[in-house]
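The primary structure of each chain is shown beneath.
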Amino acid sequence: MESKPKGKLAAYFHFPQGDGLSTDEFIKGLWRENPVLVQVLGMCPTLAVTNSATNAMAMGLATLFVLVMSNILVSSLRNVIPKQVRIATYILIIATFVTVADYVIQAISLDVHKALGAFIPLIVVNCIILGRAEAFASKNGVWASFMDGLGMGVGFTFALLLLGFIREILGSGSLFGVSLFADSFQDWVIMILPSGGFFALAAWLLLFNGLKLRKKETQPEQSREEVLI
Amino acid sequence: MKTESLWFIFLNASLINNFVLAYFLGICPFLGVSGKLSTAFRMGMAVIFVMLISSMAAYGIHAFLIWVDAPFLQLISYIVVIASTVQLVEMFIKRFSPSLFKALGIFLPLITTNCAILGLALFQTNKGYNFIESFVFALGAGIGFTLALVLMAGLREKLDFAEVPVIAKGVALTLLVGGILSLTFMGFAGLGG
């Protein structure tokens, strides 16, 4: 996407004129460039807090909030921030929003805050957020950056929930804290332990690799490039 | 809290609750830099160094923020300190050992976004460690990180010669190996307790 000539407000915010551009920014983060399942970024929170679906949901939403807000701010300040100190500025912006998210979660639910522990402040070093700020928001308009942040955030939440579902159903026999099976169900304790996180994510990646390979086999000419990405 | 001996803190941070395999901190370098044994080891050394310095700095900052009564600035000041520590270490190494500087390359600045460092600072604050305990905790965490990284790199160097299904190549295989490593580290539970 090329940047339009600066100076005009419309160009600055980059509202697409019905070319479906922003929908594409959204879908891209959700599926084709899913931050966890395709780009394999932000592994630490992905593995650490997905031992239950509730935790996965809370972490996903907090990251979504920080991602959208920092993308908006970075993109609206992109012509003001000097090139040399841009990374430091991005980190400060991100840290500010993470502090906000931290206090908001503490106010809404103390239990979730306790369960997530140090992993809420650790959103600061989630490579997805800094990555989007540097790779997308610093080069694109506010609207496009908003959609990009939204898509990536929802994609991240989606991937966390995939892991959270599997690990909670198998590891505790419940979903969102609601018990699913009869008492005879033997919990797979390993799924809520750290190694279960590795195995569950590996299993999902195997599935996605398989899908990609099959796509490559069925349409060999057209989509080879796409598969490589 | 005060009953924990220094030795136990060290064992806890390095083996029982290994930062990489139990807390999932620093997974990015664990997956990204574990391809070759030598780079993994050098990366580990750099991380230990940065961890020690930023842990001591974080201790000072925490005390200062409590004194001025501004705990909400904790996160922002930690990340700034870590970023500047990495910058300082980079300049220091460049000045005194250009060869090491070249060997570390891009990994040095990337330490800033290594969640193990920030996680360490946050954990030591949450656990209320004093200065010496923080130092030992940082040392243990750094050695644990290096251990996990080097083990992984050794396994992956061997795996390069193994025949694996195409579907499992890349990250999926690394994650499976990581899971098994994490299982073995569970065996350390109860050690020193």
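This one's a predicted model, so the numbers in the text were calculated from it and none came from an experiment. (Residues numbered from 1 in each chain as written. Chains lettered and ligands numbered in written order. Predicted model: local features only at pLDDT ≥ 70, side-chain atom pairs only at ≥ 80, totals over all residues. Heavy atoms only, no water.)

What should I look at first to understand the overall build of chain A in this one?
Helix and strand counts for chain A stand at 10 helices and 2 strands. N-terminal to C-terminal, the α/β element order of chain A is α-α-α-α-α-α-α-α-β-β-α-α. With 229 residues in all, chain A has 47% of them scored as buried. Contacts in chain A between residues at least 24 apart in sequence constitute 72% of all its contacts with a sequence separation of at least 6. Entry remark: accessible area of chain A is about 11000 Å², with carbon and sulfur atoms responsible for 66%. (Helix = DSSP H or I, 4+ residues; strand = E, 2+ residues; numbered from the N terminus. Buried < 20%, exposed > 50% of the residue type's maximum accessible area, 1.4 Å probe, protein only. Contact = heavy atoms within 4.5 Å. Areas by Shrake-Rupley, 256 points an atom, 1.4 Å probe, with all protein chains shown as cover.)

What am I meant to see in the overall build of chain B here?
Each helix and strand counted, chain B has 9 helices and 0 strands in total. Scanning chain B from its N terminus toward the C terminus, one meets helices and strands in the order α-α-α-α-α-α-α-α-α. In terms of overall size, chain B behaves like a compact globule, its C-alpha atoms giving a radius of gyration of 17 Å where 193 residues would be expected to give roughly 16 Å. Classification of the 193 residues of chain B by burial places 49% in the buried group. For chain B, the exposed surface amounts to about 9000 Å²; the carbon and sulfur share of it is 73%. Here chain B holds 10 positive side-chain charges and 7 negative ones, and the gap between their average locations is 10 Å. (Rg over C-alpha atoms; globule rule 2.2 N^0.38 Å. Lys, Arg positive; Asp, Glu negative; His and termini not counted. Charge placed at Lys NZ, Arg CZ, Asp CG, Glu CD.)

How do you make sense of the environment of Leu108 of chain B when you look at a structure like this?
Residue and element names in this part refer to chain B. Among the secondary structure elements, Leu108 is positioned in helix H6 (residues 107-110). For the pair Leu108 and Arg95, spaced 13 residues apart in the sequence, the C-alpha separation amounts to 14 Å. The contact partners of Leu108, leaving out residues within four places of it in the chain, are Ala46, Val86, Glu90, Ile93 and Phe101.

Honestly, the nonpolar core in this entry has me stumped. Any pointers?
Where a protein is soluble and globular, its nonpolar side chains tend to be buried together. Core analysis: the biggest nonpolar cluster contains 113 residues, and Ile27, Phe30, Ile111 and Leu118 of chain B have the highest contact counts within it. Considering each element in turn, this core owes the most residues, 11 residues, to helix H3 (residues 37-68) of chain B. Other than its neighbours up to four places away in sequence, Ile27 of chain B contacts Met43, Cys44, Leu47 and Phe198 of chain A together with Val20 of chain B. (Core = buried A, V, L, I, M, F, W, Y, C linked by side-chain atoms within 4.5 Å.)

Even after reading the chapter, I still don't get the pattern of salt bridges, so can you show me in this structure?
Residues and elements named next belong to chain A. All told, the structure shown has 2 salt bridges over all chains when counted by the stated rule. Across the pair Glu134 and Arg86 runs a salt bridge, and its minimum N-O distance is 3.0 Å. Separated by 48 residues along the polypeptide, Glu134 in helix H7 (residues 127-137) and Arg86 in helix H5 (residues 86-108) bring together distant segments of the chain. A residue is classified by how much of its surface remains accessible, and Glu134, at 25% relative accessible area, is partly exposed. Its relative accessible area of 23% is what places Arg86 among the partly exposed residues. (Salt bridge = Lys/Arg side-chain N within 4 Å of Asp/Glu carboxyl O.)

I tried to follow unusual backbone geometry on my own but got confused; where do I start?
Across residues other than glycine, the phi torsion is negative in most instances, and most of the peptide bonds are trans. All names here are of chain B. Of note in this structure, Phe24 is not a glycine but carries a positive phi near 60 degrees. With respect to the helices, strands and loops of the structure, Phe24 is situated in the loop between helix H1 (6-16) and helix H2 (27-32). You will see that Asp69, though not glycine, has its phi angle at about 60 degrees, which is positive. Topologically, Asp69 is positioned in the loop between H3 and helix H4 (74-96). We classify Asp69 as exposed; its relative accessible area is 62%.

What is the right way to read the environment of Gly197 of chain A from this model?
Residue and element names in this part refer to chain A. In this structure, Gly197 sits in helix H9 (residues 194-218). Gly197 gets classed as buried once you look at its relative accessible area, which sits at 1%. Considered as a pair, Gly197 and Arg86 are 111 residues apart in the sequence and their alpha carbons are 34 Å apart. When near neighbours in sequence (up to four residues on either side) are disregarded, Gly197 contacts Leu47, Arg167 and Met191.

Hey, could you run me through a nonpolar patch on the surface in this one?
Residues and elements named next belong to chain B. A grouping of Leu6, Phe49, Ile53, Met56, Tyr59, Phe92, Phe96, Phe131, Ile132 and Phe135 is seen on the molecular surface, where their side chains present a nonpolar patch of about 900 Å² in accessible area. Counting residues per element, the ones that place at least two in the nonpolar patch are H3, H4 and helix H8 (131-159). Counting residues per element, the nonpolar patch draws most heavily on H3, which supplies 4 residues. For Ile132, a relative accessible area of 53% translates into the label exposed. (Patch = residues over 30% accessible without salt bridge, like charges linked within 9 Å, V, L, I, M, F, W, Y side chains within 5 Å.)

For this particular structure, what's the right way to read the packing of aromatic side chains?
How two aromatic rings sit relative to each other is set out by the distance from centre to centre and by the angle between their planes. All names here are of chain B. This model, assessed by the stated rule, comprises 15 aromatic pairs over all chains. The interplanar angle of 75 degrees and the centroid separation of 5.3 Å between the aromatic rings of Phe185 and Phe188 together place this pair among those described as edge-to-face. Of the residues examined, Phe188 reaches a relative accessible area of 29% and is grouped as partly exposed. Each residue in the set Phe19, Tyr23, Phe123, Tyr129 and Phe137 is aromatic and connected to the rest through ring pairs, giving one cluster. Between the NZ or CZ atom of Arg95 and the centre of the ring of Phe96, over which it lies, the distance is 5.2 Å. (Phe/Tyr/Trp six-rings, centres within 6.5 Å; stacked < 30°, edge-to-face > 60°. Lys NZ or Arg CZ within 6 Å of the ring centre and 35° of its normal.)

Would you mind going over the packing of H4 of chain B against helix H7 (residues 115-127) of chain B with me for this structure?
Axes are the key here: two packed helices are described by the angle between their axes and the distance separating the axes. All names here are of chain B. Remark: H4 packs on H7, axes separated minimally by 10 Å, with the N-to-C direction vectors making an angle of 135 degrees. By the angle between their directions, the pair H4 and H7 is classed as oblique. Two packed elements cross with a definite hand, and for H4 against H7 that hand is right-handed. In this structure, H4 uses Gln74, Leu75, Tyr78, Ile79 and Ile82 to contact H7, whose residues at the interface are Ile117, Leu118, Ala121, Leu122 and Thr125. (Axes fitted to C-alpha atoms, helices over the stretch in contact; angles between N-to-C directions. Parallel < 35°, antiparallel > 145°, perpendicular 65-115°, else oblique. Left-handed = near helix turned anticlockwise from the far one by under 90°.)

So far we have only geometry, and geometry alone does not tell us how the molecule works.
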